[in-house]
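# Observations on the model geometry
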Amino acid sequence: MILREIIVEKVRVSSFFLTLVSMLFLATNIYAADPLVVKHIDKSWDSKTVPKKGVCLRRGGDGFSPKIQISKIPENTAVLKLMFTDMNFGKEGGHGGIETSVNGKTEIVVPSFRDTLPKGLKGIKKHHCKPCRSIGGNDYYNGPCSPQRKHTYKVFVYAVSKNGKTLSKGNLTLGKY
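In short, a report on the structure. Since we're looking at a predicted model, the values are computed, not measured. (Residues numbered from 1 in each chain as written. Predicted model: local features only at pLDDT ≥ 70, side-chain atom pairs only at ≥ 80, totals over all residues. Heavy atoms only, no water.)

## Details of empty space enclosed by the protein
Gaps between atoms show up when a probe of the same size as a water molecule is rolled over them. Counted only if it meets this: Whether a set of points on the 1 Å grid over the protein atoms alone is a cavity depends on a 1.4 Å probe fitting there but being unable to get out, while an open set qualifies as a pocket with protein on both sides within 12 Å along at least five of seven lines; lining residues are those with an atom within 4 Å of a point. Grid points are joined across faces, edges and corners, and a volume is the space filled by probe spheres set on the points. Ten residue types, Ala, Val, Leu, Ile, Met, Phe, Trp, Tyr, Cys and Pro, are classed as nonpolar, four, Asp, Glu, Lys and Arg, as charged, and the remainder, Gly among them, as polar. Counting from the N terminus, the helices are DSSP H or I runs at least four residues long and the strands are E runs at least two residues long.
With the rule as written, the count across this model stands at 2 cavities of 30 Å³ or more. By volume, the largest cavity amounts to about 60 Å³. As for the largest cavity, its lining consists of 13 residues, and the residues nearest its centre are Leu57, Gly63, Gly136, Gly137 and Asn142. Of the residues contributing to the lining of the largest cavity, the split by class is 4 nonpolar, 7 polar and 2 charged. Counted as a void, the second largest cavity has a volume near 30 Å³. In this structure, the second largest cavity is lined by Phe84, Thr85, His95, Tyr141, Asn142, Pro144, Tyr153, Lys154 and Leu174. Within the residue set of the lining of the second largest cavity, elements represented by two or more residues are strand E3 (79-86) and strand E7 (152-160).

## Looking at the packing of aromatic side chains
The following threshold applies: Aromatic rings from Phe, Tyr and Trp, taking only the six-membered ring of Trp, are treated as a pair when their centres fall within 6.5 Å; an angle between ring planes under 30 degrees marks them as stacked, one over 60 as edge-to-face, and anything in between as tilted. Buried means the residue's accessible area, taken with a 1.4 Å probe over protein chains only, is under 20% of the maximum for its type, while exposed means over 50%, and partly exposed covers the values in between.
Scanning the model with the defined rule gives 2 aromatic pairs in all. When the ring of Phe84 is compared with that of Tyr141, the centres are 4.7 Å apart and the planes differ by 80 degrees; the resulting orientation is edge-to-face. Remark: Tyr141 occurs in the loop between helix H2 (130-135) and E7 and Phe84 occurs in strand E3; sequence separation between them is 57 residues. The same class applies to Phe84 as to Tyr141, namely buried. Consider the rings of Phe113 and Tyr141, whose centres lie 5.7 Å apart with planes at 70 degrees: the pair is edge-to-face.

## Examining the state of the cysteines
Under the convention used in this document: Disulfide assignment relies on a single distance test, namely cysteine sulfur atoms paired within 2.5 Å.
Under the defined criterion, the tally for this structure stands at 1 disulfide. Between the sulfur atoms of Cys56 and its disulfide partner Cys145 the distance amounts to 1.9 Å. Across the disulfide from Cys56 to Cys145, rotation about the S-S bond amounts to roughly 65 degrees, and the bridge is consequently right-handed. You can see Cys56 sitting in the loop between strand E1 (37-40) and strand E2 (68-71) and its partner Cys145 sitting in the loop between H2 and E7, a full 89 residues away along the chain. Cys145 carries the same exposure label as Cys56, and that label is buried.

## A few points about unusual backbone geometry
A positive phi is found at Ser47, a non-glycine position, where the angle reads about 70 degrees. Tracing the backbone through its elements, the reader meets Ser47 in the loop between E1 and E2. By relative accessible area, which is 26% here, Ser47 ends up partly exposed. Unusually for a residue other than glycine, Asn76 sits at a positive phi of about 75 degrees. For Asn76, the position within the fold is in the loop between E2 and E3. You can call Asn76 exposed: its relative accessible area is 61%.

## Some words on the layout of surface pockets
Approximately 170 Å³ is the volume found for the second largest pocket. As for the second largest pocket, its lining consists of 15 residues, and the residues nearest its centre are Phe89, His128, Cys145, Ser146 and Pro147. For the lining of the second largest pocket, a count of residues per class yields 6 nonpolar, 6 polar and 3 charged.

This is the structure we're talking about:
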């Protein structure tokens, strides 16, 4: 009987320990997985239809990027990376990629731009449309430009630490064009 009681007690302790470790693991991962909050500031960008000012120059638009607010930026974030993407064609960042330093802020606004990157923004990926780049605009951002005009465009945002680890991410639908 004593051996049985010892085994039962060890199982209880092991179960308690496993439950405790699982709870700690989940708690740290839930905190780490809090998504960035990414939203439009300019009301003409409604996440449904890309406004004319956002359509690429090649298709008769004005070629401006959206003005975006990003919040819930985690502590220890060094930079935010923004990857502009046509969800129906190409790879993530196919419409360009930029990054900006965070400098300890928990919320920032990425300004609208077209021909030159504003101070504080750095190009990290050129958009894939070489003919579009020759028309004008910026190498690191090309507005929605699909000839079919039925594509969905998004921006994916990553909070990245100094050592390159992704701490959090979020995305925003720019709209259909």
